[in-house]
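Below, each chain spelled out in residue letters.
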Amino acid sequence: MTNAWKTYSEQEKQAVMDFNDAYLDFISKGKTERLCCRQIIALAEGFGYKNINDVIENHETLKPQDKVYFNMMNKSVALFHIGNEPLEKGMNIVGSHIDSPRLDLKQHPLFEQDGLAFFDTHYYGGIKKYQWLTLPLALYGVVCLKDGTTVDVAIGDHEGDPVFCVTDLLPHLASDQMKKGASEFIEGDNLDLIVGSIPADGEEKEAVKKNVLKLLKDAYGIDEEDFISAELEIVPQGKAHTCGLDRSMNLGYGQDDRVCAYTSLIAMLEQEDLDRTAAALLVDKEEIGSVGATGMHSKFFENMLAEVMDAMGDYSELKVRRALQNSYALSNDVVAAHDPNYASVSSPHDNMGKFGYGLAFAKYTGSRGKSGSNDANPEFIAKLRKIFEEAGVICQTSELGKVDQGGGGTIAYILANYGMNVIDSGVALQSMHSPYELSSKADVYEAKKAYKAFLKNCK
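To keep things clear, this report deals only with the structure shown in the data block. The model shown is predicted, which means the values in this text are computed figures rather than measured ones. (Residues numbered from 1 in each chain as written. Predicted model: local features only at pLDDT ≥ 70, side-chain atom pairs only at ≥ 80, totals over all residues. Heavy atoms only, no water.)

Thoughts on the pattern of salt bridges
Enumeration according to the criterion identifies 31 salt bridges in this entry. Glu 231 is the salt-bridge partner of Lys 75, the closest N and O atoms lying 2.5 Å from each other. One end of the pair, Lys 75, is in the loop between strand E2 (67–72) and strand E3 (76–81); the other, Glu 231, is in strand E10 (residues 230–236), with 156 residues separating them in the sequence. Exposure remark for Glu 231: the relative accessible area of 24% places this residue in the partly exposed category. (Salt bridge = Lys/Arg side-chain N within 4 Å of Asp/Glu carboxyl O. Helix = DSSP H or I, 4+ residues; strand = E, 2+ residues; numbered from the N terminus. Buried < 20%, exposed > 50% of the residue type's maximum accessible area, 1.4 Å probe, protein only.)

Structural notes on the environment of Gly 252
Its location among the elements puts Gly 252 in strand E12 (residues 249–252). Its relative accessible area of 0% is what places Gly 252 among the buried residues.

Here's the deal with the sheet that holds strand E8 (residues 150–155)
Strand order in the open sheet made by the 6 strands is E8-E7-E10-E5-E6-E9, with antiparallel pairing throughout. Bordering the open sheet on either side are E8 and strand E9 (193–196), each of which pairs with just one other strand. The sheet shows a mean angle of 30 degrees between the axes of neighbouring strands, direction not considered. Helix-sheet contacts for helix H2 (residues 33–46) involve strand E5 (102–113), strand E7 (137–144), E8 and E10, and the interaxial angle to E10 is about 90 degrees. Along the sheet, helix H4 (residues 207–220) makes contact with E5, strand E6 (116–124), E8 and E9, crossing E5 at roughly 130 degrees. (Pairing = 2+ DSSP bridges. Axes fitted to C-alpha atoms, helices over the stretch in contact; angles between N-to-C directions. Contact = heavy atoms within 4.5 Å.)

Quick look at the side chain of Asp 192
Relative to the helices and strands, Asp 192 resides in the loop between E8 and E9. Comment: no salt bridge for buried Asp 192; closest opposite-charge side chain is Lys 106, at 6.4 Å. With sequence-adjacent residues up to four places away left out, Asp 192 is seen in contact with Phe 111, Phe 118, Phe 119, Asp 120, Thr 121, Cys 165 and Val 166. (Lys, Arg positive; Asp, Glu negative; His and termini not counted.)

Quick look at the pairing of E12
In the sheet, strand E11 (residues 241–243) pairs with E12 via 3 bridges, with the strands oriented antiparallel. Looking across to E12, one finds that Thr 242 is bridged to Asn 250. Here E11 folds back onto E12, and the loop between the two strands holds 5 residues, one of which, Gly 244, carries a positive phi near 100 degrees. Across 4 bridges, the pairing between E12 and strand E22 (residues 437–440) is antiparallel. Each residue of the ladder has a partner; that of Met 249, found in E22, is Ser 440.

Some points on the side chain of Thr 365
Inspection of the secondary structure assignment puts Thr 365 in the loop between strand E16 (359–362) and strand E17 (366–367). The exposure class assigned to Thr 365 is buried, which follows from its relative accessible area of 10%. Among all residues touching Thr 365, those that are not within four sequence positions of it are Lys 370, Ser 373, Asn 374, Leu 400, Gly 408, Gly 409, Thr 410 and Asp 424.

Some thoughts on the sheet that holds E2
Read from one edge of the open sheet, 9 strands run E1-E2-E3-E13-E4-E14-E20-E16-E18, paired in mixed fashion. Both edges of this open sheet fall to strand E1 (50–51) and strand E18 (395–397), since each of them pairs with a single strand only. The pairing of strand E14 (residues 328–332) with strand E20 (residues 421–426) spans 5 bridges and is parallel. Note on E20: the bridge partner recorded for Asn 332 is Ser 425.

Thoughts on unusual backbone geometry
For the bond from Asp 256 to Asp 257, the omega torsion is 10 degrees, close enough to zero to count as cis. Relative to the assigned elements, Asp 257 resides in helix H5 (residues 255–269). Here His 59, not a glycine, exhibits a phi torsion of approximately 55 degrees, which is positive. Under the relative-accessibility criterion, His 59 is labelled exposed at 71%. Despite not being glycine, Glu 206 has its phi angle at roughly 50 degrees, a positive value. Position of Glu 206 among the secondary structure elements: in the loop between E9 and H4.

Focus on helix H6 (residues 300–311)
Between its first and last C-alpha, H6 extends 16 Å over 12 residues, near the 16 Å set by a 1.5 Å rise per residue. Most of H6 sits out of view: 9 of its 12 residues are buried. Buried residues of H6: Phe 300, Phe 301, Glu 302, Met 304, Leu 305, Ala 306, Val 308, Met 309 and Ala 311, and no others. (Expected span 1.5 Å × (residues − 1).)

Topic: H2
The end-to-end C-alpha separation of H2 is 20 Å, in line with the 20 Å expected for 14 residues at 1.5 Å each. Among the residues of H2, Glu 33, Arg 34, Leu 35, Cys 36, Cys 37, Gln 39, Ile 40, Ile 41 and Ala 44 are the ones counted as buried.

Considering the packing of helix H1 (residues 10–29) against H2
One way to put it is that H1 packs onto H2 with a least axis distance of 8 Å and a crossing angle of 135 degrees. Between H1 and H2, the angle falls in the class oblique. Contacts between H1 and H2 pair Asp 25, Phe 26 and Lys 29 from the former with Leu 35, Cys 36, Gln 39 and Ile 40 from the latter. Grouping the constituent residues of the contact of H1 with H2 by class yields 4 nonpolar, 1 polar and 2 charged. (Parallel < 35°, antiparallel > 145°, perpendicular 65-115°, else oblique. Nonpolar A, V, L, I, M, F, W, Y, C, P; charged D, E, K, R; others polar.)

Concerning a nonpolar patch on the surface
A cluster of nonpolar side chains, namely Leu 169, Leu 170 and Leu 173, defines an oily patch on the protein surface of about 280 Å² accessible area. Relative to the elements of secondary structure, Leu 169 occurs in the loop between E8 and E9. Since its relative accessible area comes to 37%, Leu 169 is described here as partly exposed. (Patch = residues over 30% accessible without salt bridge, like charges linked within 9 Å, V, L, I, M, F, W, Y side chains within 5 Å. Areas by Shrake-Rupley, 256 points an atom, 1.4 Å probe, with all protein chains shown as cover.)

Quick notes on the nonpolar core
By size, the foremost hydrophobic cluster in this structure holds 58 residues, and its most contacted members are Ile 40, Leu 79, Leu 330, Phe 388, Tyr 451 and Phe 454. Beyond its immediate stretch of four places on either side in the chain, Phe 388 contacts Phe 361, Val 393, Ala 450, Ala 453 and Phe 454. Ile 127, Leu 145, Ile 155 and Leu 216 belong to the second largest nonpolar core, which has 37 residues in total. (Core = buried A, V, L, I, M, F, W, Y, C linked by side-chain atoms within 4.5 Å.)

Focus: the environment of Ser 96
Here Ser 96 shows up in strand E4 (residues 91–97). Once the C-alpha coordinates of Ser 96 and Gly 221 are considered, the two residues, 125 residues apart in sequence, prove to be 36 Å apart. At 3.5 Å, the side chain of Ser 96 and the backbone nitrogen of Ala 261 are in polar contact. (Polar contact = N/O pair within 3.5 Å; in protein donor to acceptor, adjacent residues only side chain to side chain.)

Remember that the coordinates give geometry; whether it matters functionally is a separate question.
If you want it as structure tokens, here you go:
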């Protein structure tokens, strides 16, 4: 394996830093899947991508080198850059997800207890619940009113905003708590967000809750019943940071998997004329099984492919099937990086991703005996090795840790269901699924280089 930092000139090191500055800005502004979608679409439109729905509505014809995107419920985005070759010969696809572990507000979230007002939450994805205690937290999302109005909510990250927190027990009274295991340290239903303590004037019953409701009404025009049709997410407050005295790392929320989403997106946007069609999938719901209308199990990507082929005057069900089966795909999701503080759970003998050694490939994911995994074909891996060597990409291989220690999954197996060649690849993270995850700037930069070379040259 090669340490990427040792290969960079001073000019290249500056390019790495500049690229990561833009990435840090992206994840700082995109703390929810909806916020990510807005940024993705704005960037795509700036590079000449058109909304496929406009193409359909206006009965427009698509041709090679046209670029279109599809917005799925403001939570997932698919992009196509049409190549010169017929689509039925296949595509080069980069797929990643833009949802991250967090706390969600329940449909009846606001309650008062002993003179304090709280929001009741339900955690989303795999978290260590104790890590969310006492952090400054922000609130983002939408409230959809019965008249069809959608109200955007963003509290915590603007200058002068209040923040929120989940309280913890002081050490002086925590003797019983400290005897519990980490998974029992706090129960999921006790992750209540403290939101107020001032009672409303002239009120006796639930006076603090009523004061909070008044503040929400004044600021957003919403009533308590409107929470039923709201989607409100609790995320860590503040911007992502450069980490380390040498400024070599990124520390921030949501890098799983927005680091792969951003690098895939930029690799897609930087493409010029293509022979083979390129596609980027930036999807929701991976952290809870890729389910629902906006997850990878949904048919929205397949449906969009059919619409693109129809707009090209080349649609048939059989050609859609051929296009999918003849495709190559990188399922771009993060892998666990080797952490010397927890070396006992790393896969031995250079089978664990390390900081600074470039894009990490996982031939298989899954758990125990590769359960639930896509296991990539070696012929496809050899093809990628050649592409990346010619493009000067630094890369490595990785497993998800020591055998039988744990495991995980991605969207790879879902794409593979179409019969296409798929492999997992991504940036190695330390502290994955924590409120603040850590990545190497070199690995982020090499990921973009790799995805760009793949989209252009895989055939």
